[in-house]
Amino acid sequence: TEERLLALDAELQIARQIQSSTLPQHLPKLADLDIAARYVPMSAVAGDFYDFLPNGSKRLGVLIADVAGHGVGAALIASMVKVAYAGQFAHIADPAKLLTELNIALCGKFEEQYVTAAYVYIDCERDIIKYAGGGHPPLMLASRADGTVRRVEENGPILGMFAEAPYSAVEIPFRPGDRLFLYTDGAFE
């Protein structure tokens with residue numbers, strides 16, 4: 001039993017290293033944008049995931065996703081999400097289309113698991129963000145101008161369950177000094 005536990009622990013360590021390598025190793029550097037990210041999984045491996053798609057020096061796509069459940073199964077599905085997201089550059093500026101394409105790519109790939117996701121396209125040249133969600137906790141937007149914090153709840157269905165799921169996006173002004181907060185349900189659990 002001890003040997004089996006040691007072998008299982010060694011496999012979990014390998015899974016943790018692989019999962020860690022799927023997360024961005026460096027934060028993108030954009031002229032007018034400061035970015036911070038923190039990833040603290042609840043267990044050795046998890047289904048939470050984030051990634052970036054830079055689009056020049058003043059635009060950036062940001063995806064955050066959460067696979068239902070914990071452990072190796074959720075981490076494997078998160079890897080599938082990463083691969084599907086990496087192929088979405090053609091839709092980088094269209095959050096609704098990007099989530100639609102991710103959903104199509106994930107449908108039929110797993111039975112009892114699902115994925116929540118939020119995608120934001122930040123355009124520092126036009127001072128706007130475009131946002132869409134799929135069953136994900138809302139984006140929090142803090143305005144420097146008036147000190148308010150607003151929940152942006154533009155949300156379609158979870159990803160991976162319904163092939164014809166509709167997604168929509170919202171466009172919001174994003175001024176210097178404003179802050180965005182994207183997170184998974186682990187932030188409040």
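Above this text is the structure in question.
Residues numbered from 1 in each chain as written. Predicted model: local features only at pLDDT ≥ 70, side-chain atom pairs only at ≥ 80, totals over all residues. Heavy atoms only, no water.

### Comments concerning the overall build of the protein chain
Along the backbone of the protein chain there are 3 helices and 9 strands. Of the regular secondary structure in the protein chain, the N- to C-terminal order runs α-β-β-α-α-β-β-β-β-β-β-β. Its C-alpha atoms give the protein chain a radius of gyration of 17 Å, near enough to 16 Å, the size a compact globule of 189 residues would have. Its C-alpha atoms put the protein chain at 60 × 35 × 30 Å along the principal axes. Counting every position in the protein chain, which comprises 189 residues, the buried fraction comes to 41%. Across the protein chain, contacts joining residues at least 24 apart in sequence account for 65% of those joining residues at least 6 apart. If you sum the accessible surface of the protein chain, you get close to 10500 Å²; carbon and sulfur atoms cover 54% of it. The averaged location of the 24 negative side-chain charges in the protein chain is 7 Å from the averaged location of its 16 positive side-chain charges. (Helix = DSSP H or I, 4+ residues; strand = E, 2+ residues; numbered from the N terminus. Rg over C-alpha atoms; globule rule 2.2 N^0.38 Å. Buried < 20%, exposed > 50% of the residue type's maximum accessible area, 1.4 Å probe, protein only. Contact = heavy atoms within 4.5 Å. Areas by Shrake-Rupley, 256 points an atom, 1.4 Å probe, with all protein chains shown as cover. Lys, Arg positive; Asp, Glu negative; His and termini not counted. Charge placed at Lys NZ, Arg CZ, Asp CG, Glu CD.)

### Comments concerning the nonpolar core
Counting 45 residues, the largest nonpolar core has Leu 63, Leu 99, Leu 102, Val 115, Tyr 119, Ile 122 and Leu 159 as the members making the most contacts within it. When residues of this core are traced back to their parent elements, those giving at least two are strand 1 (48–54), strand 2 (59–67), helix 2 (72–86), helix 3 (95–106), strand 3 (115–123), strand 4 (128–134) and strand 5 (139–142). Once residues lying within four places of it in the same chain are set aside, the contact partners of Leu 99 are Leu 63, Ala 117, Tyr 119, Ala 132, Gly 133, Gly 134, Leu 159 and Tyr 167. (Core = buried A, V, L, I, M, F, W, Y, C linked by side-chain atoms within 4.5 Å.)

### Topic: helix 3
With 12 residues, helix 3 should cover 16 Å at 1.5 Å per step; its first-to-last C-alpha distance of 16 Å lies within 8% of that length. Turning to helix 3, its buried residues number three or more, namely Pro 95, Ala 96, Leu 98, Leu 99, Leu 102, Asn 103 and Leu 106. In a view along the axis of helix 3, the buried residues occupy a sector of 160 degrees, so they form one face of it. Looking at the packing, one finds that the buried side of helix 3 touches strand 2, helix 2, strand 3 and strand 4. Positioned one or two residues after helix 3, Gly 108 has a phi angle of 80 degrees, which is positive. (Expected span 1.5 Å × (residues − 1). Arc of directions from axis to C-beta.)

### A look at the environment of Gly 56
Assignment of secondary structure puts Gly 56 in the loop between strand 1 and strand 2. Overall, Gly 56 belongs to the exposed group, its relative accessible area being 56%. Residues Gly 56 and Ala 7, 49 residues apart in the sequence, show an inter-C-alpha distance of 45 Å.

### Side note on a nonpolar patch on the surface
A contiguous nonpolar surface patch, about 280 Å² in accessible area, is contributed by Tyr 114, Met 161 and Phe 162. Mapped onto the secondary structure, Phe 162 falls in the loop between strand 7 (155–156) and strand 8 (170–173). Phe 162 sits in the partly exposed class, given a relative accessible area of 47%. (Patch = residues over 30% accessible without salt bridge, like charges linked within 9 Å, V, L, I, M, F, W, Y side chains within 5 Å. Salt bridge = Lys/Arg side-chain N within 4 Å of Asp/Glu carboxyl O.)

### Things to note about the pattern of salt bridges
Applying the stated criterion to the full structure yields 7 salt bridges. Here Arg 59 and Glu 125 are joined by a salt bridge, their closest N and O atoms 2.6 Å apart. Of this pair, Arg 59 sits in strand 2 while Glu 125 sits in the loop between strand 3 and strand 4; the two residues are 66 residues apart in sequence, bridging distant segments of the chain. Take Glu 125: its relative accessible area is 51%, and that puts it in the exposed class. Residues participating in the shared-partner salt-bridge network are Arg 59, Asp 123 and Glu 125.

### Observations regarding the packing of helix 2 against helix 3
The geometry of helix 2 relative to helix 3 is characterised by a closest axis approach of 10 Å and an angle of 130 degrees between their N-to-C directions. Viewed along their axes, helix 2 and helix 3 adopt a mutual orientation that is oblique. In this structure, the crossing between helix 2 and helix 3 has a hand that is right-handed. Along its contact with helix 2, which presents Met 80, Val 81, Ala 84 and Tyr 85, the element helix 3 presents Leu 98, Leu 102, Ala 105 and Leu 106. (Axes fitted to C-alpha atoms, helices over the stretch in contact; angles between N-to-C directions. Parallel < 35°, antiparallel > 145°, perpendicular 65-115°, else oblique. Left-handed = near helix turned anticlockwise from the far one by under 90°.)

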